[in-house]
Amino acid sequence: MKINLVIALMFLPVWVFAQKINPKEIKRAQILAKSITIIRDNWGVPHIYGKTDAAAVFGLMYAQCEDNFKGIERNYLYQLGKQAEVDGETNLYTDVQLQLIADSTDAIKDYKASAPWFRKLMDAFADGINYYLYKHPEVKPKVFKHFEPWYALMFTDGSVAATETGGLKVSETKDFYSVGPEKLGVVTGQPAKNIYDMVNERETGSNGFAIAPSKSASGHALLYINPHVPFYFRSEVELVSNEGLNAYGAVTWGQFFIYQGFNQHCGWMHTSAYADVADLYAEKVSKKDGKWYYEYDGKLRPVIARKLSFNIKKDDQVEQRSITGYYTHHGPVLGARDGKWFSLKANNRSYNALVESWLITKANNLAEYKKAMNMVSNATNSTVYADDKGNTVFWYGNYIPKRNPKYDWSLPVDGSTSATEWQGVHKLSEIITNTNPATGWIQNCNSTPYTASGISSPDKSKYPVYMAPDGENYRAITAIKILKDAKNITLDDLIAKGYDHYLAAFDDLLPSLFRAYDAAPDSVKQSLAEPIKILRQWDRNTAIHSVASSLAIEWGTLMMKALPPPQTDQESTFITQRFQTLVKTVSPAQQLAWLNDVLKNLQSRFGTWKVEWGDMNRYQRPADGITFDDSKPSIPVGLTGSGFGQLPSFQSRTMNTNRRYGYSGNSFIAAVEFGTRLKAKSIVNGGSSFDPASKNFTDQEQGIIDGKFKDVLFYKKDVLKHARHTYHPGDYFK
């Protein structure tokens, strides 16, 4: 925070920023609330029935606030670049990056220019949250005392990794914006290592399967929805209106569309795509008469400057601070490397993206779904689709810019020439698509789309390189193995396949370790003989009572840390290739040394190295969500993270504890059969409630660990049979 930070050293009490709902809003909300019924079933899932779509949105936001207002506010603190107002300096430069990327002024313009029918939905979104705050004065927001309808246009992608930065990370933004103007553009950063750090912060993936009628026992299409995200990242809901809305699935906190879900006719699973959708432009900048310019086609253009404002928490007060953000016609300048400024061109915030997500939520057949997808505005997701007509479809990505294929778009490109400009956006018909493959199955586990359906997969030669990397991972290898010859698949079979415990990565990792052991001197063999024997006998499936699982995962984690950094996000998807290279580059002595380190570490933590996986790998849901404790009750878990190729994911680590505790992975999962009458099963992590006193706080914990799903209550007749609370927004609910 030096010369380029214009600091207003004005300290104001935090409460000065409080806003209140006005009488007009209250009256409008009260009228709308009467047209909405929320039914909480025995699992705590809210089924929201409204006369209009806007009423259903209002009810959804109200119900989300009941469950997790803190999660809603936290998401908007991030999206609006206001985390420093709560966290202080810790997240300041994340805020800087977000405010550079998404301008709230543009969102306000989009809201004012929006179609009347869609503006009603955004108004209902804000009214539902504000009415909740009005009815619950005991809830004390950290920052947002009043939500505006245009906030929804700052959060238009429900993905866990929704903000594209082109591979440039927060530390580089900090390096750029925390020095004086005279130092801007100096040699800073190490591109490969910086990108590697950013890639590793992301979740490791999700799984989507679609089964054609020819492969199912019932003769109906099946869909498996298995996102891997931080625990409790989304809620499970049903939305119904008299305007044709009737959808069930997972909603990201603070959004009003169903991100991954289904209705009685069709369903959709989004997985994170690695299509190249955001580009960094290396700008040639110079300073003239005290102003910055950048070169473009042989001429100088002025760099645009905009003041960004921040409130930074300091104890019980806030410090107001402004930072000058810089822009070229490509987009915001996020950082600099080797004397060049890097501007970002992306589609992170988009009115059409939000509209597309809503139209997907309302789609009832393939034609309607494709009409929504034809808006090509979703920048981060691939889609696995199935419906009651027997269709199964896979789209890799959605929003993909057209570019000159002569350039390597996975790396920063020259910003000084018009030759690197985007050439529009690809139509839906032009992106990688696989419709009703003859093999009868589709899998996507964040890997190459060119093996999505075995021999019926898309032809790589027909698409430009930037549309998809051809990297494979071990989850995809397992998925292909269990689907390619499967027949007469039932809904329960599909769930069981989705819970396959095999760790395919160790097919590449362990033989190298065994060779190292066989070639080692007798002194080394003697100390490692028993653990090596256990690993040789292991079937490479995780299990609660498996000592081999503990040894392999702890050792494999040390091996993974030795992976050389990928140069790009796309390169990071070549998991199998990188692992196969790893075992050739890590010396045999080092591999054995790490196994010895594991034995010592386990001995120190547990008094023996013969620790069963379930004794050290646990599920616990703390009341505050963050404080894990070995002395408090927890449940053994026979799963691990998906990095080693396990289809279900249970990411765990020590939390200032001896045991490992899960924090990310399986969240909302569903399996759906699209017959004459919809049949579906689902499970969520822990439970629907965020209240530790509620029975719905942990009533699904064992189910998600074991893969034992609950029946989805989709039809109102079934919902009423299991209704526990029925009320209108504003009524008392506990």
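Everything below is about the structure printed above this text.
Nothing here was measured: the structure is a model prediction, and the numbers come from that model.

## A look at the overall build of the protein chain
- Helices and strands together make up the secondary structure of the protein chain, namely 20 helices and 31 strands.
- Over its C-alpha atoms the protein chain spans a radius of gyration of 26 Å, differing by no more than 12% from the 27 Å that the globule rule assigns to 734 residues.
- Seen through its C-alpha atoms, the protein chain measures out along the principal axes to roughly 75 × 70 × 55 Å.
- Counting all 734 residues of the protein chain, 61% fall into the buried class.
- Long-range contacts, defined as pairs at least 24 residues apart, comprise 71% of the intrachain contacts of the protein chain with a sequence gap of at least 6.
- Accessible surface for the protein chain amounts to roughly 28800 Å². Of this, 51% is attributable to carbon and sulfur atoms.

## Examining the pairing of strand β18 (residues 340-345)
- Of the strand pairs in this sheet, strand β11 (residues 279-283) and β18 are connected by five bridges, and their pairing is antiparallel. Residue pairing for β18: Asp 279 is matched across the bridge by Lys 345.
- Summarising the sheet, strand β17 (residues 331-337) and β18 pair through four bridges and their orientation is antiparallel. Pairing of Gly 335 across the sheet is with Phe 342, part of β18.
- Counting the residues that bridge the hairpin from β17 to β18 gives two residues, and of these Asp 338 lies at a positive phi of roughly 50°.

## So, the packing of aromatic side chains
- Within this structure, the stated rule accounts for 45 aromatic pairs.
- Taking 5.6 Å as the distance between ring centres and 65° as the angle between the ring planes, the aromatic pair formed by Phe 147 and Tyr 151 counts as edge-to-face.
- For Phe 147, a relative accessible area of 0% corresponds to the buried category.
- Judged by relative accessible area, Tyr 151 falls into the buried class, the value being 7%.
- In this structure, Arg 337 is placed above the aromatic ring of Phe 342, and the distance from its NZ or CZ to the ring centre is 5.2 Å.
- Sitting above the plane of the Tyr 663 ring, Arg 653 keeps its charged end 4.1 Å from the centroid.

## Notes on the pattern of salt bridges
- According to the stated counting rule, one finds 24 salt bridges in the structure shown.
- Here Glu 89 makes a salt bridge to Arg 321, at a shortest N to O gap of 2.9 Å. With Glu 89 in the loop between α3 (84-87) and α4 (92-101) and Arg 321 in strand β16 (residues 317-328), the pair connects residues that are 232 residues apart, well separated along the chain.
- Of the residues examined, Glu 89 reaches a relative accessible area of 29% and is grouped as partly exposed.
- Taking the shortest distance from any N to any O, the salt bridge between Glu 172 and Arg 337 comes out at 2.6 Å. In this pair, Glu 172 is assigned in helix α7 (residues 170-177) and Arg 337 in strand β17, connecting sequence segments 165 residues apart. No difference in accessibility class separates Glu 172 from Arg 337, as the two residues are buried.
- Three or more residues joined by partner-sharing salt bridges are found here, namely Glu 89, Lys 314, Glu 319 and Arg 321.

## Some remarks on the sheet that holds strand β7 (residues 234-241)
- Pairing in this open sheet of ten strands is mixed, and the strands run β22-β20-β19-β10-β9-β8-β7-β3-β2-β31 from one edge to the other. The open sheet is flanked by β22 (433-435) and β31 (723-727), the only strands paired with a single partner. Recorded for the sheet is a direction-independent mean angle of 15° between the axes of neighbouring strands.
- Judged from the five bridges that link them, strand β2 (residues 36-41) and strand β3 (residues 46-50) form a sheet pairing that is antiparallel.

## With respect to the side chain of Ser 456
- One can find Ser 456 in the loop between β23 (441-444) and α11 (474-483).
- For Ser 456, a relative accessible area of 18% translates into the label buried.
- Ignoring anything within four residues of it in the chain, the contact list for Ser 456 reads Asn 434, Pro 437, Ala 438 and Thr 439.

## Side note on the sheet that holds strand β28 (residues 669-673)
- One open sheet holds the six strands; their spatial order is β23-β4-β5-β28-β29-β30, and the pairing between them is antiparallel. Where the open sheet ends on each side, the last strands, each with one partner, are β23 and β30 (710-711).
- In the sheet, strand β4 (residues 207-211) pairs with strand β5 (residues 222-226) via five bridges, with the strands oriented antiparallel. Across the sheet, residue Asn 207 finds its bridge partner in β5, namely Asn 226.
- Contacts from α11 reach β4 and β23, with the element oriented near 165° to β23.
- Sheet strands in contact with helix α12 (residues 491-498) are β4, β5, β28 and β29 (679-683), and its direction is about 35° off that of β5.

## Structural notes on the side chain of Gln 700
- Summarising the element assignment, Gln 700 is placed in the loop between β29 and α19 (701-706).
- Judged by relative accessible area, which is 1%, Gln 700 ranks as buried.
- Engagement of the side chain of Gln 700 in a polar contact is seen with the side chain of Lys 710, the distance being 2.8 Å.
- Gln 700 has contacts with Trp 43, Ile 683, Val 684, Gly 686, Gly 687, Ser 688 and Lys 710, leaving out every residue within four places of it along the chain.

## Topic: α12
- Inspection of α12 places Leu 491, Leu 494, Ile 495 and Gly 498 among the buried residues, and these make up the whole buried set. The buried residues of α12 occupy an angular sector of 100° when the element is viewed end-on, so they sit on one face.
- In this structure, the buried residues of α12 make contact with β4, β5, β28 and β29.

## What to know about the packing of helix α1 (residues 23-33) against helix α2 (residues 53-79)
- Running from N to C, α1 and α2 cross one another at 105°; their axes reach a closest spacing of 10 Å. Put simply, α1 runs roughly perpendicular to α2. Of the residues in α2, those in contact with Ala 29, Leu 32 and Ala 33 of α1 are Ala 54, Ala 55 and Phe 58.

The rules behind the values
Sequence order as written defines the numbering, with residues in each chain counted from 1. Only residues with pLDDT of at least 70 are given local features in this predicted model, and only at 80 or more are side-chain atom pairs given and counted; all residues enter the totals for whole chains, interfaces and linings. Hydrogens are left out, water is left out, and the side-chain values use all remaining heavy atoms of the structure. Each helix corresponds to a stretch of at least 4 residues labelled H or I by DSSP, and each strand to a stretch of at least 2 residues labelled E; elements are numbered beginning at the N terminus. Two things to know: the radius of gyration comes from C-alpha atoms, and the globule rule equals 2.2 Å times the number of residues to the power 0.38. Whether a residue is buried, partly exposed or exposed follows from its accessible area with a 1.4 Å probe, protein chains only, as a fraction of its type maximum: under 20%, in between, or over 50%, in that order. Here a residue-residue contact requires only that any non-hydrogen atoms of the pair lie within 4.5 Å. For accessible areas, the Shrake-Rupley method is used with a probe of radius 1.4 Å. Any residue's cover is judged against the shown protein chains and nothing else. Pairs of strands are assigned from DSSP output, requiring at least two bridges between the strands. Classification of ring pairs uses Phe, Tyr and Trp, with its six-membered ring standing for Trp, and accepts pairs whose centres are within 6.5 Å; under 30 degrees between planes counts as stacked, over 60 as edge-to-face, and the remaining range as tilted. Only when the NZ of Lys or the CZ of Arg is both within 6 Å of the ring centre and within 35 degrees of the ring normal is a charge said to sit over the ring. The rule for a salt bridge is simple: a side-chain nitrogen of Lys or Arg has to be within 4 Å of a carboxyl oxygen of Asp or Glu. To define axes, lines are fitted to C-alpha atoms, for helices over the stretch in contact only, and angles between the resulting N-to-C directions are given on a 0 to 180 degree scale. What qualifies as a polar contact is a pair of N or O atoms within 3.5 Å, subject to a donor-acceptor requirement within protein and to the restriction that residues adjacent in sequence count only when both atoms come from side chains. What the arc describes is the spread of directions from the helix axis to the C-beta atoms. The scheme is simple: roughly parallel for angles under 35 degrees, roughly antiparallel for over 145, roughly perpendicular for 65 to 115, oblique for anything else.

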